[in-house]
Each structure stands twice: as structure tokens, then as C-alpha cells.
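Chain residues, written in single-letter form:
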Amino acid sequence: MATVFTHDPSSTAAFAALGQTPPVAAPGEHLRAVVIGGGTGAPVSIRTLLSMQVETAAVVAMADDGGSTGILREEADVTPPGDVRKCIAAMAADPADPLTRAFKYRFPFARNHTLGNLMLSALEDAAGSFPEAIAICERLLDAQGRVYPSTLDRVTLVARTRDGREIEGQAVACHSRTALERVGLRAAHPIRAYEPALEAIRAADLIVLGPGSLFTSIIPNLLVPGVVDAIRASRGCTLFVCSLADMQGETWGLTAREHVEALMDHGMRGLVDYVLVHAPAPLRPDGPATGAFDAVGGSGLRSAELGEVDEARWGGSIRPVAVTYRDVQAIQAQGPVVIARDLVDTASPTWHDPAALRNAFSGVLKLCRSRQR
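Here the structure is a predicted model, which is why all the values come from computation and not from measurement.

Parameters and conventions
Within any chain, residue numbers begin from 1 and follow the written order of that chain's sequence. Side-chain atom pairs in this predicted model are given and counted only at pLDDT of 80 or more, local residue features only at pLDDT of at least 70, and totals for whole chains, interfaces and linings cover all residues. Hydrogens are left out, water is left out, and the side-chain values use all remaining heavy atoms of the structure. Under the scheme used here, helices are H or I runs from DSSP no shorter than 4 residues and strands are E runs no shorter than 2 residues, and both carry numbers assigned from the N terminus. Each residue is placed in one exposure class: buried if its accessible area under a 1.4 Å probe, protein chains only, is under 20% of its type's maximum, exposed if it is over 50%, and partly exposed if it falls in between. Note on areas: Shrake-Rupley, 1.4 Å probe, and residue coverage restricted to the protein chains presented here. Strands are treated as partners if at least two bridges between them are detected by DSSP. Confidence scores labelled pLDDT are given residue by residue by the predictor and lie between 0 and 100. For this analysis, residues touch if any pair of their heavy atoms sits within 4.5 Å. Between N-to-C directions, angles span 0 to 180 degrees; the directions come from axes that are lines fitted to C-alpha atoms, helices contributing only their stretch in contact. In this description, the term disulfide denotes a pair of cysteine sulfurs within 2.5 Å. In summary, the pairing rule links any two rings of Phe, Tyr or Trp, Trp by its six-membered ring, whose centres are within 6.5 Å, and it sorts them by plane angle into stacked for under 30 degrees, edge-to-face for over 60 and tilted for everything else.

**Quick notes on the overall build of the protein**
Then, in step 1: Per the secondary structure count, the protein includes 13 helices and 17 strands.
Then, in step 2: The proportion of buried residues among the 373 residues of the protein is 55%.
Then, in step 3: When the accessible area of the protein is evaluated, it comes to approximately 15600 Å², of which 51% is carbon and sulfur surface.

Right, here's the structure in full:
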């Protein structure tokens, strides 16, 4: 029978191998991580961390106003469910379970709503609160971690582009015709953080920002009062996973260095310990913008042979986020250590390869533990 249902992409075939990988924690050691973001990027980090048997939570932006979520916000006045739904599905114990699969189903014949969005919105009304709706769905899918909204307040994203235009709304901002420069949140009342989200951040051994849409999924969390302070109060390390490719207008043409600088301009100066960038080949100082040096474990750059980007893996309308030798130097001069890896899933070039991501996360956790001793 031909199905009429679709669903958002949530993984690639490469994720199947994660189930056969050993944990990274030593016997008796309990590691906690929190992923800050939303969209389709945060679930990549969530599934990778869970495969490492790291206790994982997600803190999710509440500014989404596009698609099914936008309709529900506008017509039912609910808390935005879309990014939460994606993270709950990523936490599910069995991705192949029929309920987990149905939770992700999208209905093209019913205004493109997803079952998960409808369930979360209906349960918010029936149970009396959005956190309780999340908890019920977590139990239904046997979620292996917790998902927290960064705020329960109704917020709207506002943005300024690099050519000086003012934009309102997350869905409009992410498809801006020019890259964004700054974003903010607007609400009818003072915005308050959801306290369990702050507690998860403060308790984390590893705080992962991304991957995902920089200005519309990651930074909106940082704009909620208290979130940056919770990151500062944590004894864990903070890792920014830079996007692999330009796919949306909000960051079109921005380099890896400009991604990091945008984070710092939105409250994260001095708080980013590691930056993970895609570098298919190392560069010399006078080389083209096709990769970066591997600086894991040290503050200096190592010598390496000149390499070329494998252009066959990238389509003409998708281009890797550029990084140069000088970019790496500039980033590291501001404090973070740059970790450069070939991170592309060869079958799906806009997705991170989970094995490469897992290897990088493992290395950062080891560095975090040695720093904490």
C-alpha cells in the first residue's frame, strides 16, 4: 500500500552503526550532557551522545513560527511544539518502533501537520501545561533523556540583517535574502527561563551548541534571561558544532569564524571552550578556504600538507561553510580551541557523519574531565 504520510528527515543510514559502539564513560562514571538548539540539528547531537551512553538533555528554542507549528501557534495559541517534537523523537529508545515512527508522520492532506505536533498541543490543553505534555510524550516513546523548552513564554524572534533590514518572525528570518547580524526576542511580558532547563545546563559536564540554524535555533535560547548565566555557572565544557553547509539565508556566505563571532556577540564571549568545524583537508597559511588545522589538545596550529575539498560530495546549490588558517588563528586568539575534522556523511553531505561526530565528542569529554580534575 502506498503511504500518503511523510516525515521530516531525522537521521541517515550512518546512524545505524552507532548502536554497536562502546560507551565513553569509565566504569562507575556518570557523564551528563545538554544540547542547546532545535530544528533538525539538535537531534543529531542527541542521538550521538545517547549512543555514547551519556545522560543527555535538550534545551530547545521557543521562537519557531513556521509550518505546522506556526499554524498551531496562530490558531490555537499553544506553545511551539515542532522543535520539541523532533528532540523527543531523537530521544526515543527504539527509532523503528511504530509509535515513534507515527509520532514523526506529517499529513500533507491536513495542512502538513505532524502527529507529534498535534499530540503535544492537545496534551498541553488536556494536561494543563506544556511541560506535562512533553513528559507524557517522553513516556510514550520511552525517551532516554529529557527535553526542556528554554522558556514557556510566548516569544517572537526579531532580526537585523547585514544590509540593515529589520525582520520579524523566525520563519521569515531563516530565509532572509541576506545573512543576519543580530537577533532578539520580543514578548508582551518580561521573558523568564524555564528553571528545569537552567538546572540541566548547570549540571552538565558537556554543553553542546548545535549543529543547526545559528540565528533561529541556537542563539534564541541564549537570549532567554538566565541561560547564559547557567552556562557560566556550569563546571562543564562548552562545544559549538558549526554547521557543515549554507542552506538557509540567515547565514548565507558566513565563514566559520563569523559563526563563532555571532555567538560571542550574543552573550557567549569567554564561554565557548571548543569549536568543531568541517575541514576535509588541512591548509597551509597561504592556502584556499577549504579546511582548517586540527588543534585538539593544544593552543597552537600544527603543520599539515595542503589538501583539496572533495567537491563531488557537495551539490551546486549547497556549499560548505568556509574556514581558513587565519580563521582558526582568529578563533583561537579569542579563547576556544578549534577541532577540525572531515565531518560529512558521504551519503548525505548536509548531515554530520555520526561516527566522526562521536569521535569528536569523545575527545572533548576527555579534555573536559582532565580540566575538571
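**So, the sheet that holds strand β5 (residues 113–114)**
Then, in step 1: What the three strands build is an open sheet, ordered β1-β4-β5; its pairing is antiparallel. Edge positions in the open sheet fall to β1 (6–7) and β5, since each of these has one partner strand only.
Then, in step 2: Relative to β5, strand β4 (residues 105–107) is paired through two bridges, and the arrangement is antiparallel. What sits directly across from F107, in β5, is H113.

**Focus: the confidence of the model for the protein**
Then, in step 1: For the protein, the mean per-residue pLDDT works out to 87, and 84% of the residues sit at or above 70.
Then, in step 2: pLDDT under 50 marks residues 291–316. Its contacts with residues more than four places away, or in other chains, come to 80 contacts.

**Re unusual backbone geometry**
Then, in step 1: Between G210 and P211 the backbone carries a cis peptide bond, its omega angle lying at 0 degrees.
Then, in step 2: Its location among the elements puts P211 in the loop between β10 (206–209) and α9 (214–222).
Then, in step 3: A positive phi is found at Q53, a non-glycine position, where the angle reads about 60 degrees.
Then, in step 4: Tracing the backbone shows Q53 in the loop between α1 (42–51) and β3 (55–60).
Then, in step 5: The class for Q53 is exposed, based on a relative accessible area of 56%.
Then, in step 6: Phi at D142 is positive, roughly 50 degrees, even though this residue is not glycine.
Then, in step 7: Within the fold, D142 resides in the loop between α6 (130–140) and β6 (146–149).

**Quick word on the sheet that holds β3**
Then, in step 1: Read from one edge to the other, the open sheet built from seven strands follows the order β6-β3-β2-β10-β11-β13-β15, with strand pairing classed as parallel. The open sheet terminates on both sides in strands that have one partner only, identified here as β6 and β15 (337–341). Across the sheet, the mean angle separating the axes of adjacent strands is 20 degrees when strand polarity is ignored.
Then, in step 2: Against the sheet, helix α8 (residues 195–202) makes contact with β2 (32–37), β3, β6 and β10, and its axis sits at roughly 125 degrees relative to β6, the strand it touches most.

**As for the state of the cysteines**
Throughout this description, disulfide means a covalent bond between two cysteine sulfur atoms.
Then, in step 1: Within the structure shown, the criterion is met by one disulfide.
Then, in step 2: Covalently, C237 is tied to C368 through a disulfide, its sulfur atoms 2.4 Å apart. In this pair, C237 is assigned in strand β11 (residues 237–241) and C368 in helix α13 (residues 354–372), connecting sequence segments 131 residues apart. Of the two residues, C237 and C368, both sit in the buried class.

**Notes on the packing of aromatic side chains**
Then, in step 1: A full pass over the atoms with the stated rule returns five aromatic pairs.
Then, in step 2: Relative to F107, the ring of F5 lies with its centre 5.3 Å away and its plane at 80 degrees, an arrangement referred to as edge-to-face. You can see F5 sitting in the segment before β1 and its partner F107 sitting in strand β4, a full 102 residues away along the chain.
Then, in step 3: Assessed through its relative accessible area of 15%, F107 is described here as buried.

**Quick look at α1**
Every α-helix carries 3.6 residues per turn, so stepping three or four residues along brings you back to the same face.
Then, in step 1: The buried fraction of α1 is high, at nine of 10 residues.
Then, in step 2: Taken together, the buried positions of α1 are A42, P43, V44, S45, I46, R47, T48, L49 and S51.
Then, in step 3: Phi turns positive one or two residues past the end of α1, at Q53, with a value near 60 degrees.

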